[in-house]
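Each chain, letter by letter, is given below.
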Amino acid sequence: MTKIFVLLLCLLLAPSSFVNCSLEKQKIGIFELKKGDLSLKVTNWGASILSLVLPDKNGKLGDVVLGYDSVKDYTNDSTYFGATVGRVANRIGGAQFTLNGIHYKLVANEGNNTLHGGSRGFGDVLWTVKRYQREGPSPRITFSYHSVDGEQGFPGDLIVTVSYILTGKNQLAIIMNGKALNKPTPVNLANHAYWNLGGQNSGNILNEVVQIFGSKITVVDSKLIPTGKFASVKGTAYDFLKPHTIGSRINQLAETKGYDINYVLDGEKGKKIKLAATVHDKKSGRVLKLYTNAPGLQFYTGNYVKDLKGKGGYVYRAHAGLCLETQAFPDSVNHPNFPSTIVTPEKPYKHYMLFKFSTKATY
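Conventions adopted
- Residues numbered from 1 in each chain as written.
- Predicted model: local features only at pLDDT ≥ 70, side-chain atom pairs only at ≥ 80, totals over all residues.
- Heavy atoms only, no water.
- UniProt positions renumbered as here; feature names shortened; annotations may be inferred.
- Buried < 20%, exposed > 50% of the residue type's maximum accessible area, 1.4 Å probe, protein only.
- Contact = heavy atoms within 4.5 Å.
- Salt bridge = Lys/Arg side-chain N within 4 Å of Asp/Glu carboxyl O.
- Helix = DSSP H or I, 4+ residues; strand = E, 2+ residues; numbered from the N terminus.
- Pairing = 2+ DSSP bridges.
- Axes fitted to C-alpha atoms, helices over the stretch in contact; angles between N-to-C directions.

1. So, the UniProt feature "binding site: beta-D-galactose" (unreviewed entry) in the protein
Part 1 of the argument: Under the local residue numbering, the UniProt record ascribes the feature "binding site: beta-D-galactose" (unreviewed entry) to Asn90, Arg91, His192, Ala193, Tyr194 and Asp260.
Part 2 of the argument: Judged by relative accessible area, which is 4%, histidine 192 ranks as buried.
Part 3 of the argument: In this view, histidine 192 contacts Thr79, Tyr80, Phe81, Gly82, Ala83, Val85, His116, Tyr300, Cys323 and Glu325; residues no more than four positions away in its chain are not counted.
Part 4 of the argument: Leaving out residues up to four positions away in the same chain, tyrosine 194 has contacts with Val64, Val65, Leu66, Thr79, Tyr80, Phe81, Tyr300, Gly302, Val305, Gly321, Leu322 and Cys323.

This is the structure we're talking about:
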């Protein structure tokens, strides 16, 4: 009875004030943050983004995130719509790695490899709501998850938190933290929202103009596992150093049916936070600028989305949305020349993202 009362208290007080909503057991819920014309809905299932509503160049509001009408649909989703993926986002070759002389075998869920943490990664578990403030100068919500030693094969207990914060004008900050409790472990969290700045039901994203501030990619094999080598993007289909539409070169990538590659972000020397990418939808006028402290960015164009019934009954098909997943490099645990993803009790994990939305293109 006490837990029911606290949950009701959370729901009643959250719209007007801050409340600690930590409970031993929580049900799947939907939580809204609102500031001005910007409105974000998230769920504690997978600490996932459900929707983001903001104005276009004419002031018309629209939802720019792909997803479902019912939160229950996210529990059976295989596209990772809006999810926080981990313990290690992206791929680990052979579903295995060796750390400090100990060999770890993981759960393989994409052929012989591990994708986004395994068959039951962080996007497929219920997180705890630790803090919720619906409105005010900086509306925010913080989710927490305790990943136990051996979960999906990964070593050590790990506490992770994900905070969504509306800040400034039409800005969304995502802050991810992780603390290893007893063993060194790899950690690489990413947000897997599918964006369509024209609106989630506006068609494909092939006419959206993208710029990615990464002059190299991590070279991959036929299974999208990094080889450990880097390649320049200049003069290739992966070259977004200058803005151009997604569709202008996508046909050169027949094998993957579109973009699904990690960019090595350039950044400015001495600055931890760097501009990773910009996206511009000319029809709606909406512009997205993404900043991060992560070394990499996975650019994915929804190549394998096929006839998925989404919000309002709209059917999503290939290239209905794009993902901008700031991250450590894929398969870093098996490549000593990649930036380390190992977190220890003395060395916590920190990952920042800032999405700035406007209707002003800068090119």
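2. Structural notes on the pattern of salt bridges
Part 1 of the argument: A complete count under the given rule lists seven salt bridges for this structure.
Part 2 of the argument: The salt bridge involving glutamate 110 is made with arginine 91; its shortest N-O contact spans 2.7 Å. Of this pair, glutamate 110 sits in the loop between β8 (102–105) and β9 (114–115) while arginine 91 sits in strand β6 (residues 91–92); the two residues are 19 residues apart in sequence, bridging distant segments of the chain.
Part 3 of the argument: The residue lysine 183 makes a salt bridge to aspartate 149 at a minimum N-O spacing of 3.0 Å. Taken as a pair, lysine 183 in the loop between β13 (171–180) and β14 (185–186) and aspartate 149 in the loop between β11 (140–147) and β12 (158–167) lie far apart in primary sequence, 34 residues in all.
Part 4 of the argument: Taking the relative accessible area as the measure of exposure, aspartate 149 reaches 36% and is therefore partly exposed.
Part 5 of the argument: Here the residues in one salt-bridge network are Glu32, Arg134 and Glu135, joined through shared partners.

3. Remarks on the UniProt feature "active site" (unreviewed entry) in the protein
Part 1 of the argument: Under the feature "active site" (unreviewed entry), the UniProt entry names His192 and Glu325. Taking the farthest pair of C-alpha atoms as the criterion, the annotated set spanning 134 residues converges on one region, since that pair is 6.2 Å apart.
Part 2 of the argument: In this structure, glutamate 325 sits in strand β26 (residues 323–327).
Part 3 of the argument: Look past the residues within four positions of glutamate 325 in its chain and what remains in contact with it is His116, Ala190, Asn191, His192, Gly296, Leu297, Gln298 and Tyr300.

4. Remarks on the sheet that holds strand β1 (residues 30–35)
Part 1 of the argument: The four strands lie next to each other as β1-β2-β3-β4, forming an open sheet whose pairing is antiparallel. Lying at the two open borders of the sheet, with one neighbouring strand each, are β1 and β4 (61–63). Along the sheet, successive strands turn relative to each other by an average axial angle of 15°, direction set aside.
Part 2 of the argument: One ladder, built from three bridges, connects strand β3 (residues 48–55) with β4; its direction is antiparallel. Bridging from a neighbouring strand, leucine 54 pairs with glycine 62 of β4.

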